[in-house]
Amino acid sequence: EPMGNGDMEIVFSSLVPSEAHRKQFEANHSVDFSIEHDKARFRVNVCQARGVKAITLRLLPSKILTYEEIGLPKGFISLTDRPRGLLLVTGATGSGKTTTLASVISKQLDGGGRHVYVVEQPTEYVFGNDSGVLTQREVPTDSPSFADALNDALRANPDTIVVGEMRDLPTIRAALTAAETGHLVLATLHTSTASSTINRIIDVFPETEKDQVRTQLAMSLLGVLCQQLIPCCEHGQVVAMEFMCMNPAVANMIRDNRTNMIDNAIQVGRSEGMQLLDDHLFQLVVAGRITGVEALYKAKDPKALNARFGAEIPGMTIPENFRELEFNSYPPKR
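A quick note: this is a predicted structure, and the numbers were derived from the prediction, not measured. (Residues numbered from 1 in each chain as written. Predicted model: local features only at pLDDT ≥ 70, side-chain atom pairs only at ≥ 80, totals over all residues. Heavy atoms only, no water.)

(A) Region of the structure containing the side chain of Asp278. Tracing the backbone through its elements, the reader meets Asp278 in helix 12 (residues 277-286). One buried charged residue, Asp278, remains without a salt bridge, the closest side chain of opposite sign being Lys300 at 6.2 Å. In this structure the side chain of Asp278 is engaged in a polar contact, spanning 2.9 Å, whose partner is the backbone nitrogen of Lys300. A polar contact of 3.0 Å, which involves the side chain of Asp278, links it to the backbone nitrogen of Asp301. Excluding residues that lie within four positions of it along the chain, Asp278 makes contacts with Ala299, Lys300, Asp301 and Leu305. (Helix = DSSP H or I, 4+ residues; strand = E, 2+ residues; numbered from the N terminus. Buried < 20%, exposed > 50% of the residue type's maximum accessible area, 1.4 Å probe, protein only. Lys, Arg positive; Asp, Glu negative; His and termini not counted. Salt bridge = Lys/Arg side-chain N within 4 Å of Asp/Glu carboxyl O. Polar contact = N/O pair within 3.5 Å; in protein donor to acceptor, adjacent residues only side chain to side chain. Contact = heavy atoms within 4.5 Å.)

What follows is the structure, encoded as structure tokens:
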């Protein structure tokens, strides 16, 4: 039986963890938080739809995956050991960004001797008793905003700062400052490619500051990892990734506002561990982990990838109108 507004109010009252979250909903008609129930954790979103509360619960994984289980590039892993700089993990909602960050946090805590300072909205993963020091803050329960929490972090002497999402100008500005002042900063953005990630950061700033921000990024950015989750041929999901790390060529492109050439720099930088998304999709198809159709749906240049299938994989042809052919059954039935 459908639930009425009174029922949703009862559910909301039983779920909301604090008065701060309740006030945030009253002010914005939307709030995110996490809850625990019978050893399971859920991420909860409450919004207002046609005057009625709408509540969505997402089950959070209880296990923190290792680098190997996720399949993180070796170049990205090496950057997580750097003492300072900005390292970005990007992708659409539900692409596994938080899972990747949780893996990095767990590894750094296991290594011991590091102080990891995490700012999230909401807190998703709970970490065990590790040998490192963890400061885990949730917005708005522990701090009114990401920017405020990051300003506090500069006085807390952390080694690594993790930002759940760089969603506005004050947060991005504070993250750049933290990376410049001797901290390793990991953060997420809702972008799909390395070049669009850099453009997104620069575009947030006023026109008078863009040149300065380009210089800051050229000096402090370590790398960008872009993720997409794709149904695996056998079971579960596999991560397809684009990875760019900073080198003199990329730094010059950012500084000179030539981000349209970054894809070329990634191709040239394969020996440094860089990879384009479409190249990784091709590798996953060759390995039999995903289908060609799945790869084309996620590709930046489906036509070029399809041509590569025909040229390099014997007997593999996918009609150019695959989108129309598969539209009514996408995602493919498992």
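(B) Up close: helix 10 (residues 248-255). Taken together, the buried positions of helix 10 are Val250, Ala251, Met253 and Ile254. The arc that holds the buried residues of helix 10, viewed along the axis, is 160°, so those residues lie on one side. Residues of helix 10 that are buried sit in contact with helix 8 (194-204), helix 9 (210-220), strand 9 (221-231), strand 10 (237-245) and helix 11 (262-268). Looking at where helix 10 begins, the residue whose side-chain oxygen comes 3.1 Å from the main-chain nitrogen of Ala249 is Asn247. Backbone geometry just downstream of helix 10 places Asn257 in the positive-phi region, at approximately 60°. (Arc of directions from axis to C-beta.)

(C) Structural view of the pairing of strand 10. Most of strand 10 is tucked away: eight of the nine residues are buried. Bridging between strand 9 and strand 10 involves nine bridges; their strand directions are antiparallel. Residue Leu229 lies in a different strand from strand 10, and its bridge partner there is Val239. Two successive antiparallel strands, strand 9 and strand 10, enclose a turn made up of five residues, where Gly236 displays a positive phi of approximately 75°. (Pairing = 2+ DSSP bridges.)

(D) Broad picture of the layout of surface pockets. Here the second largest pocket defines a volume of roughly 190 Å³. At the level of secondary structure, the elements contributing two or more residues to the lining of the second largest pocket comprise helix 11, helix 12 and helix 14 (302-312). Classifying every residue of the lining of the second largest pocket by side-chain character gives three nonpolar, two polar and six charged. (1 Å grid on protein atoms, 1.4 Å probe; cavity = no way out; pocket = protein on both sides within 12 Å on 5 of 7 lines; lining within 4 Å. Points joined across faces, edges and corners; volume = space filled by probe spheres on them. Nonpolar A, V, L, I, M, F, W, Y, C, P; charged D, E, K, R; others polar.)

(E) Spatial organisation of unusual backbone geometry. The step from Gln121 to Pro122 runs through a cis peptide bond, and the omega angle for that step is 0°. Within the fold, Pro122 resides in the loop between strand 5 (115-120) and strand 6 (133-138). With an omega dihedral of 5°, the bond running from Val139 to Pro140 counts as a cis peptide bond. Mapped onto the fold, Pro140 is located in the loop between strand 6 and helix 6 (146-153). Phi is positive for His29, close to 60°, though the residue is something other than glycine. Along the chain, the position of His29 falls in the loop between helix 2 (19-28) and strand 1 (30-37). Residue classification places His29 among the partly exposed residues on the basis of a relative accessible area of 41%. Unusually for a residue other than glycine, Asn157 sits at a positive phi of about 55°. Along the polypeptide, Asn157 turns up in the loop between helix 6 and strand 7 (160-163).

(F) Broad picture of the packing of helix 6 against helix 7 (residues 169-180). Running from N to C, helix 6 and helix 7 point in directions that differ by 20°, and their axes come no closer than 8 Å. Overall, the two elements helix 6 and helix 7 adopt an arrangement that is roughly parallel. At the point where helix 6 passes helix 7, the crossing takes the left-handed sense. When helix 6 is examined against helix 7, the residues Phe146, Ala147, Leu150 and Asn151 are found in contact with a partner set consisting of Pro170, Thr171, Ala174 and Ala175. (Axes fitted to C-alpha atoms, helices over the stretch in contact; angles between N-to-C directions. Parallel < 35°, antiparallel > 145°, perpendicular 65-115°, else oblique. Left-handed = near helix turned anticlockwise from the far one by under 90°.)

It is worth stressing that arrangement in space is one thing and function is another; only the former is reported here.
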